[in-house]
Amino acid sequence: MSDDKVQDKETGRGRSVYRWLYAGLLAILLILGGTVLGRMDTVARLLGVAQQPGAARLADEKAAKARETFQETTANLGADGVALAGLSIPTGADGYFAPPLESEMPSKQDGESIRRGREIFLNPGANATDYVGNSLACANCHLDAGRRANAAPMWAAAGLYPKYRGKNDQINTMEDRINGCFTYSMNAPQSPSGGPPPAGDQIYKDLESYFHWLATGAPNRTKLPGQGFPSLDEPADGYDRTRGQAVFAQRCALCHGENGEGRQDINGRYAFPPLWGPDSYNWGAGMHRVNTAAGFIYANMPLGQPFSLTVQEAWDVAAYINSHERPPDPRQPAQGLSVTEADAQFHQHKGYYGDTLDGTVVGVGVGADPSGTPSATGIVVPEQ
Ligand code: HEC
Ligand code: HEC
């Protein structure tokens, strides 16, 4: 054998060793990548859609047809022979009301307001900047841009107002209700303007247009299945923030951060919203109540794994996140009350407001971050 040939052979063997090495590495990468992707909600959802069975497509088509019949029938009401009988409620494969698809959004003038409303809902920090005093978005709690059943969907809310609310002991219009979520969930008192949008503001009109459109084909004055968050009976064992801490570390911290501070992308915008601290909802928000948060969490968290916690775990982890400081209940400073007085007046429900935990009274509140980093979900609407 010539020297050349020996060398060729060796190099050939060397190459095949490398080939095996590369193949091995690729296999490991694929397994790791597959595991990570498999855990990601979006991918799972995409796969879900890709494997959508015939029944789901059929339900979609039926829902679209029901909407079409609804539009036609209501447009022709009063004409001879047109009756409401035969109208059916558009229903998705999951059995809940099916709001219209994004692709069905009207393109004409009313579509503009609907579209603006959607973008405010996804990213109020950018599209209603003056009235937002934290880093949350409406869609952080009302998931899927307000479409998700059991996450207080807007198609279910749209037909329920005007309605009496115990919180302010009066009839609330939809504008009042939105004003409430700005004031407490979005912490408007610490926003650049110092409050929610003024009465009659275009922001309310746009949001209402969007909700109204989502509810196309839904009956009015009817509490639809999937409305609000599920209400869970308190477990026999009550709720316990120490047990909740363990649930939090295992099931939530990965996304929301060890200290519930959320996670920001490289531009400082939140990919995972904060659960407590200066950038979260304030002490007056519905979500600070342990029962309300438990219902939301049970049905929606961890994201992509709904209904995976036990009812007990949901209550405990809700107690844990709501035992931490957050911006003050705006009614307390506004009405010149002490925390104890505000506790007696506004907090006769399940929560820690005004309690002494680990030697400190909670509810005093932490200030909003003045740099006001907006949330990352959604598109910025150009100045009108
Ligand atoms: C921190 C979470 C959170 C954020 C952020 C939030 N909300 Fe809410 N919202 C709630 C809770 C809690 C309720 C009460 C749900 C219930 O009673 O079951 C609610 C209820 C509502 C309702 C009434 C729903 C119904 O079925 O009666 C509307 C409308 C609403 N929110 C609009 C908004 C808008 C608009 C924004 C953004 C400007 C917003 N919310 C931001 C938590 C939030
Ligand atoms: C896979 C990541 C992930 C995990 C794990 C997760 N969340 Fe979330 N959570 C999110 C995202 C993202 C949102 C905002 C949803 C949106 O905008 O679509 C959210 C929203 C929330 C909200 C409402 C918004 C806010 O900031 O207050 C609460 C409360 C919440 N999560 C609690 C929990 C709890 C408690 C757990 C553990 C049981 C948990 N989450 C686990 C990703 C996650």
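Residues numbered from 1 in each chain as written. Chains lettered and ligands numbered in written order. Predicted model: local features only at pLDDT ≥ 70, side-chain atom pairs only at ≥ 80, totals over all residues.

Counting secondary structure elements, the protein contains 16 helices and 6 strands. Each of the 384 residues in the protein was classed as buried or not, and the buried ones make up 39%. (Helix = DSSP H or I, 4+ residues; strand = E, 2+ residues; numbered from the N terminus. Buried ≥ 20, exposed ≤ 12 C-beta atoms within 10 Å, placed from the backbone.)

What follows is about the packing of helix H4 (residues 109–122) against helix H10 (residues 202–214). At a minimum axis distance of 7 Å, the contact between H4 and H10 shows a crossing angle of 100°. Classified by the angle between their axes, H4 and H10 sit roughly perpendicular to one another. Residues Asp110, Ser113, Ile114, Arg116, Gly117, Arg118, Ile120 and Phe121 of H4 lie in contact with H10, whose contacting residues are Ile203, Lys205, Asp206, Leu207, Ser209, Tyr210 and Trp213. Among the residues making up the contact of H4 with H10, the classes are represented as 7 nonpolar, 3 polar and 5 charged. (Axes fitted to C-alpha atoms, helices over the stretch in contact; angles between N-to-C directions. Parallel < 35°, antiparallel > 145°, perpendicular 65-115°, else oblique. Contact = placed C-beta atoms within 7 Å. Nonpolar A, V, L, I, M, F, W, Y, C, P; charged D, E, K, R; others polar.)

Now for the site of ligand 1. In the vicinity of ligand 1, 26 residues are found, and the nearest of them are Cys138, Cys141, Cys181, Gly228 and Gly286. Secondary structure elements with two or more residues in the shell around ligand 1: helix H6 (138–141), helix H8 (154–157) and helix H9 (174–185). Per-element tally for the shell around ligand 1: the top contributor is H9, with 5 residues. Considered class by class, the residues forming the shell around ligand 1 number 18 nonpolar, 7 polar and 1 charged. (Near = placed C-beta within 6 Å.)

Moving on, we get to the site of ligand 2. Taken together, 27 residues sit near ligand 2, with Cys252, Cys255, Pro273, Met301 and Pro302 positioned nearest. Those elements giving two or more residues to the shell around ligand 2 turn out to be H6, helix H12 (253–256), helix H13 (290–300) and helix H14 (311–321). Along the lines of polarity and charge, the residues of the shell around ligand 2 split into 21 nonpolar, 5 polar and 1 charged.

Here the focus is unusual backbone geometry. The omega torsion of the bond from Tyr161 to Pro162 falls at 0°, within 30 degrees of zero and hence cis. Summarising the element assignment, Pro162 is placed in the loop between H8 and strand E1 (163–165). In this structure, Asn187 is a non-glycine residue whose phi angle is positive, near 55°. Looking at the element boundaries, Asn187 is found in the loop between H9 and H10. Residue class for Asn187 comes out buried when judged on the 28 C-beta atoms lying within 10 Å of it. A positive phi angle is found at Phe307, which is not glycine, with a value near 55°. Take Phe307: it is sitting in the loop between H13 and H14. Since 12 C-beta atoms lie within 10 Å of it, Phe307 is described here as exposed.

Bringing the nonpolar core into the picture now. Counting residues in each nonpolar core, the largest one holds 67 residues, and the members touching the most others are Ile297, Val317 and Ala318. Ignoring any residue separated from it by four or fewer positions in sequence, one finds Ala318 in contact with Val290, Ala293, Ala294 and Ile297. (Core = buried A, V, L, I, M, F, W, Y, C linked by C-beta atoms within 7 Å.)

It is worth spelling out helix H11 (residues 241–251) at this point. Burial in H11 covers these residues: Gly244, Val247 and Phe248. Across the axial projection of H11, the buried residues extend over an arc of 105°, all falling on one side. Across from the buried face of H11, at angles greater than 90 degrees, the exposed residues are Thr242 and Gln250. Residues of H11 that are buried make contact with H12 and H14. (Arc of directions from axis to C-beta.)

Attention now goes to the confidence of the model for the protein. With 83% of its residues at a pLDDT of 70 or more, the protein has an overall mean of 87. A low-confidence stretch, residues 372–384 stays under pLDDT 50, and its non-local contacts, those more than four residues away or across chains, total 35 contacts. (pLDDT = per-residue confidence, 0-100.)

For the rest of this paragraph, the subject is the packing of H13 against H14. Contact geometry for H13 and H14: axes closest at 8 Å, N-to-C directions at 125°. The orientation of H13 with respect to H14, classified from their angle, is oblique. Like other packed secondary-structure pairs, H13 and H14 cross with a definite hand, here right-handed. In this structure, H13 contributes Val290, Ala293, Ala294, Ile297 and Tyr298 to the contact, and H14 contributes Val311, Ala314, Trp315, Val317, Ala318, Ala319 and Ile321. Partitioning the contact of H13 with H14 into residue classes produces 12 nonpolar, no polar and no charged. (Left-handed = near helix turned anticlockwise from the far one by under 90°.)

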